[in-house]
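Below, each chain spelled out in residue letters.
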Amino acid sequence: IKEWLVMKNVKRFVKRILKNIKYFLSYDLYEHELERTYEIQDKIVEDLFFEFEENKYIINNLNIIDAEESINLLMENPKSFCRFGDGEIGIMQGKNQPFQKYDEKLANGLKDILSKKRDDMYVAINRAYFHSPLVWAERNKKFYRIYGTQMRRFFIEICNSDVTYLDAGCMCAYFRYKEDFDYEKHYSRMENLFKNKKIAIVSGTGILEKLEFDVFYLAEDKIIIHGPATNAFEKIDDIIKHIQNNIPKDYLICIILGMTAKVLVAELTDMGYMAWDVGHLAKDYDVFMRKVEKTEDNRAEFWKPD
């Protein structure tokens, strides 16, 4: 009987091992762990959301206005403007990013912008890290559930609690919101941000040329300045020199250069220009106008380096 019991346990153990091996071969463990993390955090946050949403004074927080208020400020009281998200955090943490390899000088410049209070420049961080992600499309909601805590803690450590920040996500909407979002209103406001303005667009070579629709079409005048599509920080001095020598200071400088755009905005502002870090806005407007299907493949294609 004893030998029979031992053999039965061995067979059960082997069966379990084979079952686990079959499972491991069928699933991506990294993706499975992310999914598990999301499910756990989603349940926890939903349980606690109503308790803490109205009582944020009991935890460390930052003052970040919402996307609509952010756009209103850019329209009614325009100043230079730069935006910080997970890519900028990655650089500040010493990590290479798809658009930009790590550079210590760039990282220090980003930290300096976040921590200083300036009256001549708006600084924006991702408001979604500090508020419930229930309003976002499922893919974005999942991202904020999984990574929101670590991003939020990083910003709180670096940012200045005396500064009122804008929402870094105020310009791009297409892959972020649910279908009940008023996309027509949003993109009409994006068009009007540049209406009757003289603008110079600093963009990676070939990026704007790929687009079918132009969010800047209402501008009074438009000058294109080409720079590197990736690792633009290596050429920042050349870009600044070109702007100094060729662009009058009554032009709005619109920058599409990844992480480098933030430092470029600050330096141009110091020189008397008004500069906006518009990020993926031109691409975002284009996919909206073309009504690109919101598949995972198209989403991945949108965010990958040009």
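As a reminder, the structure under discussion sits directly above these lines.
Reference entry: report on the structure contained in this document. As the structure is a computational prediction, the values presented were derived from the model and not from experiment. (Residues numbered from 1 in each chain as written. Predicted model: local features only at pLDDT ≥ 70, side-chain atom pairs only at ≥ 80, totals over all residues. Heavy atoms only, no water.)

1. Here's the deal with the overall build of the protein chain
For the protein chain, the helix and strand inventory stands at 11 helices and 8 strands. Out of the 306 residues belonging to the protein chain, those deemed buried represent 44%. Accessible area of the protein chain: about 17000 Å², with a carbon and sulfur share of 51%. (Helix = DSSP H or I, 4+ residues; strand = E, 2+ residues; numbered from the N terminus. Buried < 20%, exposed > 50% of the residue type's maximum accessible area, 1.4 Å probe, protein only. Areas by Shrake-Rupley, 256 points an atom, 1.4 Å probe, with all protein chains shown as cover.)

2. Quick notes on the packing of helix α7 (residues 183-192) against helix α10 (residues 281-289)
Axis separation between α7 and α10 bottoms out at 11 Å; the angle between their running directions is 135°. By the angle class used here, α7 and α10 are oblique. Helix-helix and strand crossings are classified by hand; for α7 and α10 the assignment is left-handed. Two secondary-structure elements touch here, α7 through Tyr183, Glu184, Tyr187, Met190 and Glu191 and α10 through Leu281, Asp284, Tyr285 and Phe288. (Axes fitted to C-alpha atoms, helices over the stretch in contact; angles between N-to-C directions. Parallel < 35°, antiparallel > 145°, perpendicular 65-115°, else oblique. Left-handed = near helix turned anticlockwise from the far one by under 90°. Contact = heavy atoms within 4.5 Å.)

3. Looking at the pairing of strand β8 (residues 274-277)
Across 4 bridges, strand β7 (residues 252-256) lies against β8 in parallel orientation. Paired with Ile253 across the strands is Ala275, a residue of β8. Handedness of the crossover joining β7 and β8 through helix α9 (residues 260-270): right-handed. (Pairing = 2+ DSSP bridges. Right-handed = clockwise from strand over helix to strand, strands pointing away.)

4. Quick notes on the pattern of salt bridges
The tally for this structure, following the rule as stated, stands at 15 salt bridges. A salt bridge links Arg118 to Asp120; its shortest N-O distance comes to 2.9 Å. Judged by its relative accessible area of 25%, Arg118 is partly exposed. A salt bridge links Lys294 to Glu179, with the shortest nitrogen-to-oxygen separation between them at 2.7 Å. (Salt bridge = Lys/Arg side-chain N within 4 Å of Asp/Glu carboxyl O.)

5. Here we look at α10
Most of α10 is tucked away, with 8 of its 9 residues classed as buried. Looking at α10, one finds that the buried residues are Leu281, Ala282, Lys283, Asp284, Tyr285, Asp286, Val287 and Phe288. Packing partners of the buried residues in α10 comprise α7, β7 and α11 (296-303).

6. Notes on the packing of helix α8 (residues 236-246) against α9
Two elements in contact, α8 and α9, have axes separated by 11 Å at closest approach and are oriented at 40°. In this view, α8 runs oblique relative to α9, as classed from their interaxial angle. Regarding α8 and α9, the two cross each other, and that crossing is right-handed. For the pair α8 and α9, contact is made by Ile236, Ile239, Ile240 and Ile243 and by Thr260, Val263, Leu264, Glu267 and Leu268, respectively. Within the contact of α8 with α9, the residues separate by chemical class into 7 nonpolar, 1 polar and 1 charged. (Nonpolar A, V, L, I, M, F, W, Y, C, P; charged D, E, K, R; others polar.)

7. Here we look at helix α6 (residues 138-158)
The terminal C-alpha atoms of α6, which comprises 21 residues, lie 29 Å apart, in line with the 30 Å expected from a rise of 1.5 Å per residue. The largest bend along α6 measures about 60° and falls at Tyr147. Within α6 the residues assigned to the buried category are Asn140, Lys141, Tyr144, Arg145, Ile146, Gly148, Met151, Phe154, Phe155 and Ile158. (Expected span 1.5 Å × (residues − 1). Bend = angle between axes of the 7 residues up to and from the residue.)

8. Some thoughts on the pairing of strand β4 (residues 164-167)
Across a regular strand the side chains alternate sides, sitting on one face of the sheet and then on the other. Here strand β1 (residues 63-64) pairs with β4 via 2 bridges, running parallel. The partner of Ile64 across the bridge, within β4, is Tyr165. When strand β3 (residues 121-125) meets β4, the two strands line up parallel, connected through 2 bridges. If you follow Ile125 over to β4, its bridge partner there is Asp167.

9. Describing unusual backbone geometry
A positive phi angle, near 65°, is found at Asn196, a position not held by glycine. Assignment of secondary structure puts Asn196 in the loop between α7 and β5 (198-204). On the accessibility criterion, Asn196 (54% relative accessible area) is exposed. Despite not being glycine, Lys291 shows a phi value in the positive range, around 55°. Mapped onto the secondary structure, Lys291 falls in the loop between α10 and α11.

10. Things to note about the nonpolar core
Formed by 89 residues in total, the largest nonpolar core has its most connected members in Phe84, Leu114, Ile125, Phe155, Phe216, Ile253 and Ile255. A total of 6 residues in this core trace back to one element, the largest contributor, which is α9. Among residues more than four places away in sequence, those in contact with Phe84 are Met92, Leu110, Ile113, Leu114, Val123, Ala124, Ile125, Asn126, Phe155, Ala168 and Lys262. (Core = buried A, V, L, I, M, F, W, Y, C linked by side-chain atoms within 4.5 Å.)

11. Notes on the packing of aromatic side chains
On inspection of all chains with the given rule, the structure shows 18 aromatic pairs. Note on Tyr129 and Tyr144: the rings are 5.7 Å apart at their centroids and 80° apart in plane angle, and the pair reads as edge-to-face. Of this pair, Tyr129 sits in the loop between β3 and α6 while Tyr144 sits in helix α6; the two residues are 15 residues apart in sequence, bridging distant segments of the chain. Like Tyr129, the residue Tyr144 is buried in the burial classification. Judged by centre distance (6.2 Å) and plane angle (65°), the ring pair of Tyr174 and Tyr183 falls under edge-to-face. Taken individually, Tyr174 and Tyr183 each receive the classification buried, so the pair is uniform in this respect. Of note, Lys283 hangs over the ring of Phe302, and the distance from its end group to the ring centre comes to 5.0 Å. One cation-aromatic arrangement involves Lys291 over Phe288; the distance from NZ or CZ to the ring centre is 4.0 Å. (Phe/Tyr/Trp six-rings, centres within 6.5 Å; stacked < 30°, edge-to-face > 60°. Lys NZ or Arg CZ within 6 Å of the ring centre and 35° of its normal.)

Any functional reading would require information beyond the geometric quantities listed.
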